[in-house]
Amino acid sequence: MAFQVKRRSFLQMAMSGVAGLGLPAPFARAAANDAATVGWPNDVPSWDPNQRFTPDAQPIFKAVFDQPLDQDPQLKLIPHLIKTWSMTPDGLSMAVELRDDITFHNGDKMTTEDFRYTFLERNESGIKLDIANSMRKVQDIVIESPTKATMKFDSPAPTMPNWMAFLGSYMVPKKYIESQGLDNFLKNPVGTGPYKLAEYELNSRIVLERNDAYWGPKANIARITIQIIKDPSARVAAIQSGEADFTLNVPVREVDRFQKAAGLAAEIDPITRVILLQVRADLAFADKNVRLAAHHAIDKAALSKAFYGGAAVPLSVMATPGSPGYLSDFSFKYDPALAKELLAKSNFSPANPVKIGFATTNGQFPNDYDIARAIAQMWKQVGIEADIQVIEYAKYFELNRGGKLPEATLYSWDNSTGDPEIYIGYNLNPKMPFAPWKDDYFGNKDLALFGVADYDQRIAGYKDLEREAVENGASMPLLQSVVTVVHKKNLAFTKYANGWVLPQTLRWS
């Protein structure tokens, strides 16, 4: 059993700080092979895994629930609940075959009835679910047997296999939810995953217990306690004190210190997320000169060097190196002199700056607040005065859905698939609640690509859209994101290219 302290005492200890990494501290303890404690930045938005597309909750959901398809550590799609799948050339239907040996935590057998319920019936019932956005093209799911079904789409859906392993696509039990009610499901979630939810305290902790009847490889550690620790300095204190065995998204400067600490391992890993500025098409950013000046004024290489030791690749388009939509022959240059010229065309200057709002989280991803402050200073030099507003991660989603974000918001965009549809496609889609930019010009170009079934034509279209959006200030990518990880040296985990840290891959050596 992992050592625990009362939350109030822990927070007092964390916020006061624990000096010196070499100190064993009275809180240190030898970890038992059947338990581990993880310091995590955020709670789940709810225990309905289809409800909210919150990227940082996905590894926790993947411990309790399963997805139809999965990804290997290099992000290749692999079978999971679905054994085989086949998309028609026109992209209008996809046949699937489920495994026949899977049961939910309550003992109910999983069938295509659950598949149809999860990806069609729930969305048609009127319940507000984010999965309704990703499954919006699903017109019907025809059940052919307990293990075979065909998804029918109202327009080509070439990325449906990707979505079967992405945000919100978790199988939920039809019989259990319909008989027990949604409220009871939220209190006592039932999935098919490698762990069961044993205890839950809102914004405090999640306790997972191994599902010994799991259909796939069994989790190595019997009991995982996830401490919800939103403040990055508190996560630092938790790992160095021994209260946590594993944590992530600590400030990069702390990684250097932890790498020298006895008994600990720390690393910085580039992942498929993109750090970008979410921008509006109105307010002060209705002026194209202001938008382009804001982008030209940012020294991305300097940000990477200062805050990520150079590990975060500067980006000119909203795609990471190696992904299908990446443009190796396009560069949006850092040019503060040009930024000043553009602002001067709109009668702005350092003496008469344009004023904008600028939102950022603090501790949601490594050095987010520090990056925002550095950008604000770069802007000030050319004639942009930014009012920095610190917001909670959950508040970001609320403001974005309500159209209330300021001109610019610093954000880390998740895309574990690497497909450009889920980068720039969703970022500019005016019918979805994922980005503040709303206009008909880019919106119509973007929406047209969602109906293209031919792979090469679709990718080429997204590349053209990426370039044009950046050249017009509708897209402002900054850096390839990184994840910082600190853990006990004898606690290993499987590293994924998208930054997933899955509880079921943790293992003591």
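Preceding block: the structure.
Residues numbered from 1 in each chain as written. Predicted model: local features only at pLDDT ≥ 70, side-chain atom pairs only at ≥ 80, totals over all residues. Heavy atoms only, no water.

## Considering the nonpolar core
Formed by 141 residues in total, the largest nonpolar core has its most connected members in F115, M151, M160, M164, L277, Y308 and W379. A per-element tally of this core places helix α13 (residues 368-382) first, with eight residues. If sequence neighbours within four positions are ignored, M164 has contacts with Q67, P68, L69, I82, M94, F115, F119, M135, M151 and S169. (Core = buried A, V, L, I, M, F, W, Y, C linked by side-chain atoms within 4.5 Å. Buried < 20%, exposed > 50% of the residue type's maximum accessible area, 1.4 Å probe, protein only. Helix = DSSP H or I, 4+ residues; strand = E, 2+ residues; numbered from the N terminus. Contact = heavy atoms within 4.5 Å.)

## Re the sheet that holds strand β13 (residues 354-360)
Paired through their backbone hydrogen bonds, the strands of a sheet run either parallel or antiparallel. Pairing in this open sheet of ten strands is mixed, and the strands run β8-β9-β10-β1-β11-β16-β12-β15-β13-β14 from one edge to the other. Both edges of this open sheet fall to β8 (195-201) and β14 (384-390), since each of them pairs with a single strand only. Each strand of the sheet is rotated relative to its neighbour by a mean of 25 degrees, with strand direction disregarded. One ladder, built from eleven bridges, connects strand β12 (residues 264-279) with strand β16 (residues 476-488); its direction is antiparallel. Note on β16: the bridge partner recorded for A265 is H487. Packing against the sheet, helix α10 (residues 288-296) makes contact with β13, β14 and β16, and its axis sits at approximately 40 degrees to β16. (Pairing = 2+ DSSP bridges. Axes fitted to C-alpha atoms, helices over the stretch in contact; angles between N-to-C directions.)

## With respect to the packing of aromatic side chains
The final tally for this structure, using the stated rule, is 24 aromatic pairs. On the basis of an interplanar angle of 85 degrees and a centroid distance of 4.9 Å, the ring pair of Y441 and F442 is categorised as edge-to-face. In this structure F442 comes out as buried when scored by relative accessible area, which is 3%. Grouped by ring-pair contacts, the aromatic residues W47, F61, F65, Y170, Y176, F185 and Y200 constitute a single cluster. (Phe/Tyr/Trp six-rings, centres within 6.5 Å; stacked < 30°, edge-to-face > 60°.)

## Considerations on the side chain of N415
The residue N415 is located in the loop between β15 (408-413) and α15 (424-427) in this model. With relative accessibility at 0%, the residue N415 sits in the buried group. From its side chain, N415 meets the backbone oxygen of D419 in a polar contact 2.9 Å long. Those residues in contact with N415, other than ones at most four positions away along the chain, are F166, T272, I422 and Y423. (Polar contact = N/O pair within 3.5 Å; in protein donor to acceptor, adjacent residues only side chain to side chain.)

## Some thoughts on unusual backbone geometry
The backbone phi angle of L75 is positive, close to 75 degrees, even though this residue is not glycine. Inspection of the secondary structure assignment puts L75 in the loop between β2 (69-71) and β3 (77-79). For L75, a relative accessible area of 14% gives the class buried. Non-glycine residue N249 carries a positive phi angle of around 55 degrees. Structurally, N249 can be placed in the loop between β11 (246-248) and α9 (252-259). Classification of N249 by relative accessible area gives buried; the value is 8%.

## Remarks on helix α3 (residues 112-124)
If you check α3, its first and last C-alpha atoms are 17 Å apart, about what 13 residues at 1.5 Å a residue would give, namely 18 Å. Of all the bends in α3, the greatest, near 45 degrees, is centred on T118. The buried count for α3 comes to ten of 13 residues, which makes it a mostly enclosed element. At the N-terminal boundary of α3, the capping side chain belongs to T111, with an oxygen 3.1 Å from the backbone nitrogen of E113. Trailing α3 by a residue or two, G126 shows a phi angle of about 100 degrees, which is positive. (Expected span 1.5 Å × (residues − 1). Bend = angle between axes of the 7 residues up to and from the residue.)

## Overview of the pairing of β8
By the bridge criterion, six bridges tie β8 to strand β9 (residues 205-210) in an arrangement that is antiparallel. In the sheet register, E201 faces β9, and the bridge partner there is R205. Counted along the chain from β8 to the antiparallel partner β9, the turn is three residues long, and its residue N203 has a positive phi close to 55 degrees.

## Brief notes about the environment of L186
Relative to the helices and strands, L186 resides in helix α7 (residues 182-187). Counting along the chain gives 155 residues from L186 to E341, while the straight-line C-alpha distance between them is 55 Å.

## So, the packing of helix α11 (residues 300-308) against α13
Look at α11 against α13: their axes get within 11 Å of each other, and the N-to-C directions meet at 145 degrees. Of the two elements, α11 crosses α13, and the hand of that crossing is right-handed. Contacts between α11 and α13 involve L303, F307 and Y308 from the former and D370, I371, A374, I375 and M378 from the latter. Within the contact of α11 with α13, the residues separate by chemical class into seven nonpolar, no polar and one charged. (Left-handed = near helix turned anticlockwise from the far one by under 90°. Nonpolar A, V, L, I, M, F, W, Y, C, P; charged D, E, K, R; others polar.)

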